[in-house]
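Per-entry structural report
What follows is each chain in one-letter form.
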Amino acid sequence: LTFEYEEFDFGSMAEGEEVTHVFRFKNTGKVPLLITDARSTCGCTVPTWPREPVSPGQGGEIKVVFNTLNKSGQQRKEVAVTANTYPAQTTVFLTGKVSAPQQ
């Protein structure tokens with residue numbers, strides 16, 4: 001499991017906005033890749049991932065939505081991806097700065 005990028009910086013945004021990023025990956029193994037879970041430590045960060053196996057040499061996407069409601073300052077949200085890989089868990093990150101909404 002190899003990600004195109006393991007970290008995405010969404011830059012600056014106002015509190016209350018949502019940012020969506022797609023982490024693209026490739027199955028660099030010799031057997032079909034099966035992602036069994038993708039989760040964040042915060043309910044504000046929600047990933048979705050392919051439920052079907054990804055054949056060797058093929059790619060896929062994990063879409064992550066980060067809701068900045070009630071967040072402020074520098075943010076670094078991790079998404080732990082569990083699959084039939086070694087090691088079994090790979091982590092990707094969303095980073096950026098959330099500022100107070102304009103009045």
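That block above? That's the structure.
Residues numbered from 1 in each chain as written. Predicted model: local features only at pLDDT ≥ 70, side-chain atom pairs only at ≥ 80, totals over all residues. Heavy atoms only, no water.

1. Here's the deal with the packing of aromatic side chains
Within this structure, the stated rule accounts for three aromatic pairs. Considering the side-chain rings of phenylalanine 3 and phenylalanine 25, the 5.9 Å spacing of their centres and the 65° angle between planes classify their relative orientation as edge-to-face. Of this pair, phenylalanine 3 sits in strand 1 (residues 2-3) while phenylalanine 25 sits in strand 3 (residues 18-26), and the two are 22 residues apart along the sequence. Of the two residues, phenylalanine 3 and phenylalanine 25, neither departs from the other in class, the shared state being buried. When the ring of phenylalanine 10 is compared with that of phenylalanine 66, the centres are 5.6 Å apart and the planes differ by 40°; the resulting orientation is tilted. (Phe/Tyr/Trp six-rings, centres within 6.5 Å; stacked < 30°, edge-to-face > 60°. Helix = DSSP H or I, 4+ residues; strand = E, 2+ residues; numbered from the N terminus. Buried < 20%, exposed > 50% of the residue type's maximum accessible area, 1.4 Å probe, protein only.)

2. Thoughts on the pattern of salt bridges
For the structure shown, the criterion picks out three salt bridges. Arginine 24 is paired through a salt bridge with glutamate 61; the nearest N and O atoms lie 3.4 Å apart. Of this pair, arginine 24 sits in strand 3 while glutamate 61 is found in strand 6 (residues 59-67), placing the two residues 37 residues apart along the sequence. Classification of arginine 24 by relative accessible area gives partly exposed; the value is 43%. Judged by its relative accessible area of 43%, glutamate 61 is partly exposed. With a closest N to O distance of 2.7 Å, arginine 39 and aspartate 37 form a salt bridge. (Salt bridge = Lys/Arg side-chain N within 4 Å of Asp/Glu carboxyl O.)

3. Side note on the pairing of strand 8 (residues 89-99)
Here strand 2 (residues 7-14) runs beside strand 8; their pairing, made up of six bridges, is parallel. When the bridges of strand 8 are listed, aspartate 9 appears paired with threonine 95. Here strand 7 (residues 73-83) runs beside strand 8; their pairing, made up of 10 bridges, is antiparallel. Bridged to lysine 77 within strand 8 is leucine 94. (Pairing = 2+ DSSP bridges.)

4. Focus on the sheet that holds strand 3
As summarised here, the arrangement of the four strands in space is 1-3-6-5, forming an open sheet in which the pairing is antiparallel. The strands lining the two open edges of the sheet, one partner per strand, are strand 1 and strand 5 (45-48). Of the pairings in the sheet, the one linking strand 5 to strand 6 comprises four bridges and is antiparallel in character. Among the inter-strand pairings, proline 47 is bridged to a residue of strand 6, identified as valine 64.

5. What about the sheet that holds strand 2?
If you trace the four strands from one edge of the open sheet to the other, you get 2-8-7-4, paired in mixed fashion. Edge positions in the sheet fall to strand 2 and strand 4 (35-40), since each has one partner strand and no second. If you compare each strand with its neighbour and ignore which way they point, the axes differ by 20° on average. (Axes fitted to C-alpha atoms, helices over the stretch in contact; angles between N-to-C directions.)

6. A look at the side chain of lysine 77
Locating lysine 77 in the fold gives a position in strand 7. Buried and unpaired, lysine 77 has glutamate 78 as its nearest opposite-charge partner, separated by 9.9 Å. A polar atom in the side chain of lysine 77 sits 3.4 Å from the side chain of glutamine 75. Those residues in contact with lysine 77 that sit more than four places away from it in its chain are Cys42, Cys44, Thr45, Phe66, Lys71, Val92, Phe93 and Leu94. (Lys, Arg positive; Asp, Glu negative; His and termini not counted. Polar contact = N/O pair within 3.5 Å; in protein donor to acceptor, adjacent residues only side chain to side chain. Contact = heavy atoms within 4.5 Å.)

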